[in-house]
Amino acid sequence: MKKVHYSELGLVNTNAMFAAAMKEGFAVPAYNFNNMEQLQAIITGCAKSGSPVIIQVSGSARKYIGEPFLPHMAAAAVDLSKEIGLQIPIALHLDHGNSFELAKECIDSGFSSVMIDASHHSFEENIEMTKQVVDYAHQHDVTVEAELGVLAGIEDEVVAEKSTYTKPEEVKSFLEGTGVDSLAISIGTSHGAFKFKLEPGQEPPPLRFDILEEIEQLVPGFPIVLHGASSVPPEDIAKINKYGGQMDNTAGIPEEQLRRAAASAVCKVNIDSDGRLAMTATIREILSENPSEFDPRKYLGPAREELIKMVMYKNTHVLGSAGRVK
Ligand SMILES: [Zn+2]
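What this report covers is the structure whose coordinates are included nearby. (Residues numbered from 1 in each chain as written. Predicted model: local features only at pLDDT ≥ 70, side-chain atom pairs only at ≥ 80, totals over all residues. Heavy atoms only, no water.)

1. Observations regarding the pairing of strand E1 (residues 28-32)
The side chains of a regular strand alternate, residue by residue, between the two faces of the sheet.
Thinking step 1. Among the five residues in E1, five count as buried, and that is most of the element.
Thinking step 2. Here E1 shows a buried face lined by Val-28, Ala-30 and Asn-32 and a second buried face lined by Pro-29 and Tyr-31.
Thinking step 3. Sheet analysis places E1 next to strand E11 (residues 266-271), joined by four bridges and oriented parallel. In the sheet register, Tyr-31 faces E11, and the bridge partner there is Ile-271.
Thinking step 4. Inspection of the sheet shows E1 paired to strand E2 (residues 53-58) by three bridges, in the parallel sense. Of the residues in E2, the one forming a bridge with Asn-32 is Gln-56.
Thinking step 5. A crossover connection joins E1 to the parallel E2 through helix H2 (residues 36-49); in handedness this β-α-β unit is right-handed. (Buried < 20%, exposed > 50% of the residue type's maximum accessible area, 1.4 Å probe, protein only. Helix = DSSP H or I, 4+ residues; strand = E, 2+ residues; numbered from the N terminus. Pairing = 2+ DSSP bridges. Right-handed = clockwise from strand over helix to strand, strands pointing away.)

2. Quick word on the sheet that holds E2
The strands making up a sheet are joined through hydrogen bonds of the backbone, oriented either antiparallel or parallel.
Thinking step 1. Strand order in the closed barrel formed by eight strands is E1-E2-E3-E4-E5-E8-E10-E11, with parallel pairing between adjacent strands. Each adjacent strand pair in this sheet contributes to an overall mean axis angle of 25°, direction not counted.
Thinking step 2. Bridge count for strand E8 (residues 182-185) against strand E10 (residues 224-226) is two bridges, and the pairing is parallel. When the bridges of E10 are listed, Ala-184 appears paired with Val-225.
Thinking step 3. The strands touched by helix H7 (residues 168-178) within the sheet are strand E5 (143-148) and E8, with E5 carrying the most contacts at an inclination of about 150°. (Axes fitted to C-alpha atoms, helices over the stretch in contact; angles between N-to-C directions. Contact = heavy atoms within 4.5 Å.)

3. Looking at the coordination of the zinc ion
Thinking step 1. For the zinc ion, every protein donor is listed as His-96 (NE2), His-191 (NE2) and His-227 (ND1), and the spread of their distances is 2.0 to 2.1 Å.
Thinking step 2. Here the donor residues of the zinc ion share one chain and are spaced in sequence as H-x94-H-x35-H. Taken together, the positions of His-191 in strand E9 (residues 190-191) and His-227 in the loop between E10 and helix H9 (234-242) put the pair 36 residues apart, joining distant regions of the chain. In terms of burial, His-191 and His-227 fall into one category: buried. (Donors = N, O, S within 2.8 Å, 3.2 Å for Na, K, Ca; no water.)

4. Here's the deal with the environment of Asp-274
Thinking step 1. With respect to the helices and strands, the residue Asp-274 is situated in helix H11 (residues 273-289).
Thinking step 2. Those residues in contact with Asp-274 that sit more than four places away from it in its chain are Ser-230, Ser-231, Val-232, Pro-233, Asp-236, Met-310 and Lys-314.
Thinking step 3. Engagement of the side chain of Asp-274 in a polar contact is seen with the backbone nitrogen of Ser-231, the distance being 2.7 Å.
Thinking step 4. Within polar-contact distance, the side chain of Asp-274 engages the backbone nitrogen of Val-232 at 2.8 Å. (Polar contact = N/O pair within 3.5 Å; in protein donor to acceptor, adjacent residues only side chain to side chain.)

5. Description of the packing of aromatic side chains
Thinking step 1. Within the structure shown, the criterion is met by two aromatic pairs.
Thinking step 2. Measuring from centroid to centroid gives 6.2 Å for Phe-123 and Phe-174, while their planes differ by 45°, and the two rings are tilted. In this pair, Phe-123 sits in helix H6 (residues 123-139) while Phe-174 sits in helix H7, placing the two residues 51 residues apart along the sequence.
Thinking step 3. Residue class for Phe-174 comes out buried when judged on its relative accessible area of 0%.
Thinking step 4. Cation over ring: Arg-208 sits above Tyr-165, and NZ or CZ is 5.1 Å from the ring centre.
Thinking step 5. Lying across the ring of Phe-209, Arg-260 places its NZ or CZ 3.8 Å from the centre. (Phe/Tyr/Trp six-rings, centres within 6.5 Å; stacked < 30°, edge-to-face > 60°. Lys NZ or Arg CZ within 6 Å of the ring centre and 35° of its normal.)

See the structure below:
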């Protein structure tokens, strides 16, 4: 593995973007990607809407892409943003890092931000593992996200059957014990496309804003992160099912609740499932309507266009991050 510092790739860590998000009352989008088209769409959508962005990969997405590709893709992302005409701040982030070794490898190969997720361990072990990563990361000016509380759902290798809400009384000692830069909390969001199984007409349970507010009061000005914050648009599910897919009745986090969260101490909102759904719906439609098509550009190209639209919509109408970079 070739050693490279993120500043050589034109990336930034999350400090300045979170400070702006906190001061101006918006949330920085953190979009997951697994391939070139997704990354191109995320950068194009964010540069066109004037939004800072965190591009993130899980450990398994990093394996899928291939570790040597990532620094080059990140550098190309910076160039693409310049080409579009606006140099937006871009952070490359490890989503759900599960060991010090993985976090270190990422830091050494050009990531500007890492998450260490030891939330399924005991409180003491979570502090110990997080602090070890923070100590190494801060030597390289890399920012660290940790997690307290457990989200339900499935996303890549992260699996949990039930969620455990974050205990506000633990937050202060966790931050003091670790020196972490941002904290993912559990207030009712969940991973994956099947967040809530609802009967027709039923609303998903509201997020626990009381827990968020209590945490805000205990650690004012500290950046909070929301995982599992896709909205799972019914029109995407309907399109997937119309063109041969089979996805059950499902629902995500209503946009109104995400707007409220973005205006609070929540500085980073993770979006993965919605991007997958937008691409899959488009690809299914095209292949179903053009059964003789076999050129990947003919379905991946329109899927990329659809993802650009989704990113611009989220930045503008949900997270409030559009127009923050001028
Ligand atoms: Zn997550």
